[in-house]
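Residue strings, one per chain:
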Amino acid sequence: MVELIIRSMETNDLDPVMVVETATYSTPWTRDILYQEITHNPHAYYFVAEWKHKVIGYAGVWIVMDDAQITNIAIHPDYRGRKFGETLFRYVMQFAIQKRAKRLSLEVRKSNIAAQHLYRKFGLVPGGIRKNYYADQEDAIIMWVMFS
């Protein structure tokens, strides 16, 4: 069986990451935003998930002092349902723990029940609502977990 490879995102990954981004989100981040994140944000860590030498997903996390905040996590729709998202999320959580984060949070669409279920598997619980958070005015559920 082919193993999923997770590694740090590099600038030459931006084109395949944008394929994932635009296939996943109705209001995707731009290539320039991602470029700025990986080249100029000292608190940002981004990773790609490769399967069969192809970038099929990516994730980002900001770590500031004790706090880790997931900025993005996406698996291309053609590769969902194979636990790749779960593997990528686990990797990012472990990375945050290694960086000595004490807690992790993220926002998830209120309608994205599958993602909420995944995050609950890792101990995240709802902590609040961000009204009209997304460009289409959908609310976001803030989820978080404290690391022991």
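One structure accompanies this document, and this report is about it.

A word on the overall build of the protein chain
So, point 1. Summing up its helical and strand segments, the protein chain has 4 helices and 7 strands in all.
So, point 2. For the protein chain, the N- to C-terminal ordering of α and β elements is β-α-α-β-β-β-α-β-α-β-β.
So, point 3. Against the globule reference of 15 Å for 148 residues, the protein chain gives a C-alpha radius of gyration of 15 Å, in line with a compact fold.
So, point 4. By principal-axis analysis of the C-alpha atoms, the protein chain measures approximately 40 × 35 × 35 Å.
So, point 5. When contacts within the protein chain are restricted to residue pairs at least 6 apart in sequence, those whose partners lie at least 24 apart make up 56%.

Quick look at helix 4 (residues 113–121)
So, point 1. Buried residues of helix 4: Ala115, Gln116, Leu118 and Tyr119, and no others. All buried residues of helix 4 fall inside an arc of 160° around its axis, so they share one side. Facing away from the buried side of helix 4 by over 90 degrees, the exposed positions are Ile113, Ala114 and His117.
So, point 2. Those residues of helix 4 that are buried are in contact with strand 4 (67–75), helix 3 (84–98), strand 5 (103–109) and strand 7 (140–146).
So, point 3. Two residues or fewer after helix 4 comes Gly123, characterised by a positive phi angle close to 90°.

Points about the environment of Gln94
So, point 1. The residue Gln94 is located in helix 3 in this model.
So, point 2. Residue Gln94 is classed as partly exposed on the basis of its relative accessible area, which comes to 42%.
So, point 3. In sequence terms Gln94 and Glu107 are 13 residues apart; their C-alpha atoms lie 19 Å from each other.

So, the pairing of strand 7
Regular strands show a simple pattern: their side chains alternate between the two faces of the sheet.
So, point 1. Most of strand 7 sits inside the fold, with 5 of its 7 residues counted as buried.
So, point 2. Bridging between strand 6 (residues 125–130) and strand 7 involves 5 bridges; their strand directions are antiparallel. For Val125, the partnering residue across the bridge sits in strand 7 and is Trp144.

Observations regarding the nonpolar core
Nonpolar side chains in soluble globular proteins tend to be buried together.
So, point 1. Grouped together as the largest cluster of nonpolar side chains are 34 residues, with contacts concentrated most on Val61, Ile70, Phe89, Leu104, Leu106, Tyr119 and Leu124.
So, point 2. At the level of secondary structure, the elements contributing two or more residues to this core comprise strand 2 (44–51), strand 3 (54–64), strand 4, helix 3, strand 5, helix 4 and strand 7.
So, point 3. When residues no more than four places from it in sequence are discounted, the contact partners of Leu106 are Gln69, Ile70, Phe89, Tyr119, Leu124, Ile141, Ile142 and Met143.
So, point 4. Of all hydrophobic cores here, the second largest spans 12 residues; its members include Met9, Met18, Val55 and Tyr58.

Calculation rules
- Residues numbered from 1 in each chain as written.
- Predicted model: local features only at pLDDT ≥ 70, side-chain atom pairs only at ≥ 80, totals over all residues.
- Heavy atoms only, no water.
- Helix = DSSP H or I, 4+ residues; strand = E, 2+ residues; numbered from the N terminus.
- Rg over C-alpha atoms; globule rule 2.2 N^0.38 Å.
- Contact = heavy atoms within 4.5 Å.
- Buried < 20%, exposed > 50% of the residue type's maximum accessible area, 1.4 Å probe, protein only.
- Arc of directions from axis to C-beta.
- Pairing = 2+ DSSP bridges.
- Core = buried A, V, L, I, M, F, W, Y, C linked by side-chain atoms within 4.5 Å.

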